[in-house]
Amino acid sequence: AAGRLLIWGTGDHGKLGLEDANDRDTPEEVPALEGARVVDVACGKHHTAVLTEEGEVWMWGSDQYGQLGHGTTSSTPRAPQRVEALSGLEVTKIAVGEHHSAAALADGSLLTWGYAGSFFAGPGGLGLGGYTAKSSPTRVPGFGDGGLCAEDVSCGAYHTIARTHG
């Protein structure tokens, strides 16, 4: 069931979406999403994502590696913004890791974006091959279009797991 969005904790990198970097020790409603009916939430180390009943994905916080999916990177924390690259897609599940994000779609596709790892640190959790960060949601090969059908997704610090249908 959809509901209101309340958040609290450390506010560094703007990850609480409360228009500042202050910590909160009691729950507060996120002003940018007041009145929105939220159906899924995900918290990473420095960024946050929500999925609304209308199918909109909103993200905020650190965008150092493009993990907010807005098509750019920034060292300045970002306030809650709708991820326009996901507009018109039927997102069913969202997930975030330390510096990357993922979304499962109703058609079975899986999209990831953000940190892709490095030669020294090893692979990130994008599943796209290589070490090139992606600042926009990018389809993971093999999911959707008659391939595997992603039904659920979760991200760890630098890894991603997907559960398929059937």
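**Student:** Outline the overall build of the protein, listing residues and values.
**Tutor:** A count of helical and extended segments in the protein gives 0 helices and 14 strands. Along the chain direction, N to C, the helices and strands of the protein fall in the order β-β-β-β-β-β-β-β-β-β-β-β-β-β. The C-alpha atoms of the protein give a radius of gyration of 15 Å, which matches the 15 Å a tight globule of 166 residues would have. Referenced to the eigenvectors of the C-alpha coordinate spread, the extents of the protein come out at roughly 45 × 40 × 25 Å. Per-residue burial for the protein yields a buried fraction of 45% across its 166 residues. Taking contacts inside the protein between residues at least 6 apart in sequence as the whole, the part at least 24 apart equals 46%. Here the protein displays about 8,200 Å² of accessible surface, and carbon together with sulfur accounts for 51% of that area. Charged side chains in the protein number 11 positive and 20 negative. The centres of these two groups are separated by 3 Å.

**Student:** I'd like a rundown of the packing of aromatic side chains, residues and numbers included.
**Tutor:** Applying the stated rule across the entire model yields 2 aromatic pairs. Between Tyr65 and Tyr115, the aromatic rings sit 4.8 Å apart at their centres with planes inclined by 70 degrees, giving edge-to-face as the arrangement. Note that Tyr65 is positioned in the loop between β5 (57-63) and β6 (74-82) and Tyr115 in the loop between β9 (110-114) and β10 (117-118), a separation of 50 residues in sequence. Owing to a relative accessible area of 14%, Tyr115 belongs among the buried residues under this scheme. Relative to Tyr158, the ring of Tyr115 has its centre 5.7 Å away and its plane inclined at 65 degrees; by these criteria the two rings are edge-to-face. Residue Tyr115 is found in the loop between β9 and β10, and its partner Tyr158 is found in the loop between β13 (150-155) and β14 (160-164); the two are separated by 43 residues along the sequence. Members of the aromatic cluster, connected to one another through ring pairs, are Tyr65, Tyr115 and Tyr158.

**Student:** Account for the pattern of salt bridges, with residues named and values stated.
**Tutor:** Applying the stated rule across the entire model yields 12 salt bridges. Between Arg82 and Glu84 there is a salt bridge whose closest N-O contact spans 3.0 Å. Of the residues examined, Arg82 reaches a relative accessible area of 31% and is grouped as partly exposed. In this structure, the salt-bridge partner of Arg163 is Glu151, at a minimum N-O distance of 2.7 Å. Of this pair, Arg163 sits in strand β14 while Glu151 sits in strand β13, and the two are 12 residues apart along the sequence. The exposure class of Arg163 is partly exposed, given its relative accessible area of 45%. Classification of Glu151 by relative accessible area gives partly exposed; the value is 35%.

**Student:** Tell me about unusual backbone geometry, residues and numbers included.
**Tutor:** Glycine aside, negative phi is the norm for most residues, and most peptide bonds take the trans geometry. A positive phi angle, near 65 degrees, is found at His13, a position not held by glycine. With respect to the helices and strands, the residue His13 is situated in the loop between β1 (6-9) and β2 (24-29). We note that Glu19 has phi near 70 degrees; this positive angle belongs to a residue other than glycine. Assignment of secondary structure puts Glu19 in the loop between β1 and β2.

**Student:** Residue-level account of the side chain of Ser74, with values.
**Tutor:** Residue placement: Ser74 occurs in strand β6. Judged by its relative accessible area of 18%, Ser74 is buried. Non-local contacts of Ser74, meaning those with residues more than four positions away in its chain, are made with Asp63 and Gln64.

**Student:** Can you lay out the sheet that holds strand β7 (residues 91-96) for me, pointing to particular residues and giving the numbers?
**Tutor:** Spatial strand order, β7-β8-β9-β12: 4 strands in an open sheet with antiparallel pairing. Both outer strands of the open sheet, β7 and β12 (134-139), are each paired with one neighbouring strand and no more. Going across the sheet, the axis of each strand differs from the next one's by a mean of 15 degrees, ignoring polarity. Pairing of β7 with strand β8 (residues 100-105), which is carried by 5 bridges, proceeds in the antiparallel orientation. Bridged to Val96 within β8 is Ser101.

The rules behind these values
Along each chain, the written sequence defines residue order, and numbers are assigned to residues from 1. For this predicted model, a pLDDT threshold of at least 70 governs which residues receive local features, and a threshold of 80 or more governs which side-chain atom pairs are given and counted, while totals over whole chains, interfaces and linings are taken from all residues. Hydrogens and water molecules were not included; the side-chain quantities draw on all heavy atoms of the structure. Strands are runs of DSSP state E lasting at least 2 residues, helices are runs of H or I lasting at least 4, and numbering of each runs from the N terminus. For a compact globule the rule gives 2.2 Å times the number of residues to the power 0.38, and the radius of gyration it is set against comes from C-alpha atoms. Remark: exposure states derive from per-residue accessible area (1.4 Å probe, protein chains only) relative to the maximum for the residue type, with buried under 20%, exposed over 50%, and partly exposed in between. Any pair of residues with heavy atoms lying within 4.5 Å of one another is described as a contacting pair. The protein chains shown are the only cover counted for residues, whose accessible areas, like all others here, come from Shrake-Rupley with a 1.4 Å probe. Note on charges: Lys and Arg go in the positive column, Asp and Glu in the negative column, and His and the chain ends are not counted at all. For the purpose of locating charges, the reference atoms are NZ of Lys, CZ of Arg, CG of Asp and CD of Glu. Between 30 and 60 degrees the pair is tilted, below 30 it is stacked and above 60 it is edge-to-face, where a pair is any two Phe, Tyr or Trp rings, Trp via its six-membered ring, whose centres lie within 6.5 Å. Salt bridges are identified by distance alone: a Lys or Arg side-chain nitrogen within 4 Å of an Asp or Glu carboxyl oxygen. By the convention used here, strands pair only if DSSP detects at least 2 bridges between them. Every angle, taken between N-to-C directions, lies between 0 and 180 degrees, and every axis is a line fitted to C-alpha atoms, over only the stretch in contact when it is a helix.

Nothing here speaks to function; it is geometry throughout.
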